[in-house]
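# Examining the three-dimensional arrangement
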Amino acid sequence: MSLYAARVLWQRQPHETFTDNAYSRLHQWQFDEGVSVPASSSVHAVPLPYSVSAAVDPEEALVAAVSSCHMLWFLGICAKKGLLVEFYSDQATGMMAKNAAGRDAITHIVLRPDIVFGGEHQPTAAAIAKIHALAHQSCYIANSILAEVSIAAPLE
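This write-up is about the structure you can find in this document. (Residues numbered from 1 in each chain as written. Predicted model: local features only at pLDDT ≥ 70, side-chain atom pairs only at ≥ 80, totals over all residues. Heavy atoms only, no water.)

### Some thoughts on the overall build of the protein
Let me state the cut-off plainly: Think of it this way: any DSSP run of H or I at least four residues long counts as a helix, any run of E at least two long counts as a strand, and we number them from the N terminus. Our radius of gyration looks at C-alpha atoms and nothing else; its globule reference is 2.2 Å times the residue count to the power 0.38. Only protein chains enter the accessibility calculation, which uses a 1.4 Å probe; a residue whose area is less than 20% of its type maximum is buried, one above 50% is exposed, and one in between is partly exposed. Any two residues having at least one pair of non-hydrogen atoms within 4.5 Å are treated as being in contact. Accessible areas in this description were obtained via Shrake-Rupley with a 1.4 Å probe; residue shielding takes into account the shown protein chains only. The positive count covers Lys and Arg only, the negative count covers Asp and Glu only, and His and the chain ends enter neither. A charge is said to be at NZ when it belongs to Lys, at CZ for Arg, at CG for Asp and at CD for Glu.
The number of helices and strands found in the protein is two helices and eight strands. Its helices and strands taken in sequence order, the protein reads β-β-β-α-β-β-β-β-α-β from the N to the C terminus. A compact globule built from 156 residues should have a C-alpha radius of gyration of about 15 Å, whereas the protein, at 19 Å, is more than 25% larger. Taken over the C-alpha atoms alone, the protein extends approximately 65 × 40 × 35 Å along its principal axes. A buried classification covers 29% of the 156 residues belonging to the protein. Long-range contacts, defined here as pairs at least 24 residues apart, represent 50% of the contacts in the protein between residues at least 6 apart. With the model as given, the accessible surface of the protein reaches about 10500 Å², and the carbon-plus-sulfur share is 58%. For the protein, the distance from the average site of its 9 positive side-chain charges to the average site of its 14 negative ones is 8 Å.

Printed below as a string of structure tokens:
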């Protein structure tokens, strides 16, 4: 068993009434070793100026976590197979929609990995698909959520 932690900090600004619902949603996510990330509600959920579009919102973070986990598994599998990965980029997206219970949820995440392999041994499309399938099965984050996760071609 492993334990993962994050600290989330928010403080009301002195000029904000708060009870009128007109307050900033800007806050900080703090992680081990002092990494701090500005976070906010999504501008799709809470309009400007109460959300901060330049900050990471929880929905984006969920999509990034799935993409990052998948990529790390993909890279690890390729390394074990002796495949040289030179570059990996993903334009991942998450779809907010009503789930089966009628609640708003991230219901579908699409990963669009664009990968460049180096060296003489270039994997076939079928081999790459198998590695993606194994990475998806192994990804802790994908195994933790209810949203469908699919792999698609990179966006052009």
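### Some points on the sheet that holds strand β1 (residues 7-9)
For clarity, the cut-off: Each pair of strands is called paired provided DSSP finds at least two bridges between the two strands. Fitting a line to C-alpha atoms yields each axis, with helices limited to the stretch in contact; the angle taken between N-to-C directions then spans 0 to 180 degrees.
Ordered in space as β1-β2-β3, the three strands form an open sheet in which the pairing is antiparallel. At either margin of the open sheet sits one strand with a lone partner, and together these are β1 and β3 (36-39). The mean angle between the axes of side-by-side strands here comes to 25 degrees, regardless of whether they run parallel or antiparallel. In the sheet, β1 pairs with strand β2 (residues 27-30) via three bridges, with the strands oriented antiparallel. Residue pairing across strands places R7 opposite Q30, the latter belonging to β2.

### What about the pattern of salt bridges?
What counts here: Only one rule defines a salt bridge in this text: a Lys or Arg side-chain nitrogen within 4 Å of an Asp or Glu carboxyl oxygen.
By the definition in use, this model includes one salt bridge. Between D104 and K98 there is a salt bridge whose closest N-O contact spans 3.1 Å. Judged by relative accessible area, which is 54%, D104 ranks as exposed. With a relative accessible area of 55%, K98 lands in the exposed category.

### Topic: helix α1 (residues 58-80)
Two residues of an α-helix separated by three or four positions point the same way, owing to the 3.6 residues in each turn. Convention followed: Expected span, for any helix, means 1.5 Å times one less than how many residues it has. Under this definition, polar contacts are N or O atom pairs within 3.5 Å; protein pairs additionally need one hydrogen-donor-capable and one acceptor-capable atom, and for neighbouring residues in sequence, both atoms have to be side-chain atoms.
Taking 1.5 Å of rise per residue, 23 residues should cover 33 Å, and α1 covers 33 Å from first to last C-alpha, within 8% of that figure. Those residues of α1 not exposed but buried are V63, V66, S67, C69, H70, F74, I77 and C78. For α1, the elements touching its buried residues are β4 (84-90), β5 (93-98), β6 (104-111), β7 (113-118), α2 (125-138) and β8 (148-151). N-capping of α1 is provided by D57, with a side-chain oxygen placed 3.1 Å from the backbone N of E59. Just downstream of α1 lies G82, where phi reads positive at about 75 degrees.

### Considering the packing of aromatic side chains
Our working rule: Whether two aromatic rings pair depends on their centres lying within 6.5 Å, for rings of Phe, Tyr and Trp, where Trp uses its six-membered ring; planes under 30 degrees apart make the pair stacked, over 60 edge-to-face, and the rest tilted. Only Lys NZ and Arg CZ are tested; either one counts as a charge over a ring when it is within 6 Å of the ring centre and within 35 degrees of the ring normal.
Under the counting rule described, the total for this entry stands at six aromatic pairs. Taking the centre distance of 5.8 Å and the plane angle of 50 degrees together, the rings of W10 and F18 count as tilted. We classify W10 as partly exposed; its relative accessible area is 38%. The structure contains a cluster of three or more aromatic residues connected by ring pairs, namely W10, F18 and Y23. The cationic tip of R25 hangs over the ring face of Y23; the distance from NZ or CZ to the ring centre is 3.7 Å.

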